[in-house]
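Structural characterization, general
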Amino acid sequence: MKTKGYSLMERSVPHYNLAREKLNSIGVQMGEKYGWGIGNKWSILLSQLWMVMALEGDSFEDKMVLDLGCGCTEQIGEEHSAIYGYDYEPWLCRTMNELGMGHLGIDIGGNAAERFNFHQADLRDPSVLDFIPDHSVDVAHAGQFFNSPYLIKHLGCHENLREKLMPQLERIVKPEGFFLFGRY
Ligand SMILES: C[S@@+](CC[C@H](N)C(=O)[O-])C[C@H]1O[C@@H](n2cnc3c(N)ncnc32)[C@H](O)[C@@H]1O
């Protein structure tokens, strides 16, 4: 598994164009289905889709992307709601689902009314990824997750969780696959 931060990635113009074209082709449909809050998230979503597609290479339909802290529509308590409000809906997973990309989102908050592949769990649990087979993931993605205010408050240090997740990610991500993390 190779580790990549968004800022360390070479910016691939063909994949940017592909991600933009794909997102434009489903944008209206996504707005009608999930609400026009997508407008506020467009540039972050485009950036995340671009980075994921760049790592997937030429075909994305047969790849598997695991989105850690993917976003949620149901918060788990008052504190969680107070921190996240409705600003962090699972736009990347919704998009990958609409585009037919292999994906699985994991979040501590709920997504009961959503149609994408989702597993509700606390990523601080050291066995949280045990249900995922060895070397089955092409890209493990964490967008705006390790700087999550909820995590920083409860763990004190987000780097701590990234390090703790590494052995689990090494097991499930393919040797030629990637762990991609972003920080906005
Ligand atoms: C800042 S939001 C980012 C959402 C999405 N990835 C995006 O880029 O818009 C962080 C997400 O991490 C989730 N989260 C926080 N702590 C978590 C934990 N311990 N386990 C799983 N998910 C968690 C929150 O519920 C929230 O949806």
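All residue numbers refer to positions counted from 1 along the written sequence of the respective chain. Predicted model: local features are reported for residues with pLDDT of at least 70 only, side-chain atom pairs are reported and counted for 80 or more only, and whole-chain, interface and lining totals are derived from all residues.

Once that is clear, we can look at the packing of helix α2 (residues 38-56) against helix α4 (residues 91-98). The geometry of α2 relative to α4 is characterised by a closest axis approach of 10 Å and an angle of 70° between their N-to-C directions. It follows that α2 is roughly perpendicular to α4 by the angle criterion. Judged by the sense of rotation from one axis to the other, the crossing of α2 with α4 is right-handed. Contacts between α2 and α4 involve I38, K41, L45, Q48 and L49 from the former and W91, L92 and T95 from the latter. Gly counts as polar in this scheme, as do all residues outside two lists: the nonpolar Ala, Val, Leu, Ile, Met, Phe, Trp, Tyr, Cys and Pro, and the charged Asp, Glu, Lys and Arg. Of the residues contributing to the contact of α2 with α4, the split by class is five nonpolar, two polar and one charged. Only the stretch in contact is used when fitting a helix axis, every axis being a line fitted to C-alpha atoms; angles between N-to-C directions are given from 0 to 180 degrees. We count a stretch as a helix when DSSP gives it H or I for four or more residues in a row; a strand needs E for two or more, and each element gets its number in order from the N terminus. Working definition: roughly parallel below 35 degrees, roughly antiparallel above 145 degrees, roughly perpendicular at 65 to 115 degrees, and oblique for all remaining angles. Crossing handedness: left-handed means the near helix sits turned counterclockwise from the far one by under a right angle, and right-handed means the same turn made clockwise. Throughout, a pair of residues is in contact if the C-beta atoms placed from their backbones lie within 7 Å.

Whether a residue is buried, exposed or partly exposed follows from its count of other C-beta atoms within 10 Å of its own C-beta, namely 20 or more, 12 or fewer, or something in between, respectively; the C-beta atoms are built from the backbone. Burial analysis of α4 places six of its eight residues in the buried class, the great majority of the element. Buried within α4 we find W91, L92, C93, R94, T95 and M96. Of the surrounding elements, those touching the buried residues of α4 are α1 (13-34), α2, β2 (64-68), β3 (102-107) and β5 (137-143). Backbone geometry just downstream of α4 places G100 in the positive-phi region, at approximately 75°.

Among the nonpolar cores identified, the biggest contains 42 residues, and V52, V137, V139, A140 and L180 are the most heavily contacted of them. Elements represented by at least two residues in this core include exactly α2, β2, α4, β3, β5, α6 (158-172) and β6 (173-182). Counting residues per element, this core draws most heavily on α2, at nine residues. Not counting residues up to four positions away in its chain, the partners in contact with V137 are M64, L66, I132, I172, V173, K174 and G177. Connectivity within a nonpolar core runs through C-beta atoms within 7 Å, and the core itself is a set of buried Ala, Val, Leu, Ile, Met, Phe, Trp, Tyr and Cys residues.

In contact at an axis separation of 9 Å, α1 and α2 are set at 140° when each is read in the N-to-C sense. Classified by the interaxial angle, the pair formed by α1 and α2 is oblique. The interaxial crossing formed by α1 with α2 has right-handed handedness. Across the interface between the two elements, H15, Y16, L18, A19, R20, L23, M30, G31 and Y34 from α1 touch I38, L45, L46, L49, W50, M53 and A54 from α2. Counted by class, the contact of α1 with α2 contains 13 nonpolar, two polar and one charged residues.

By themselves, these figures tell us nothing about what the structure is for.
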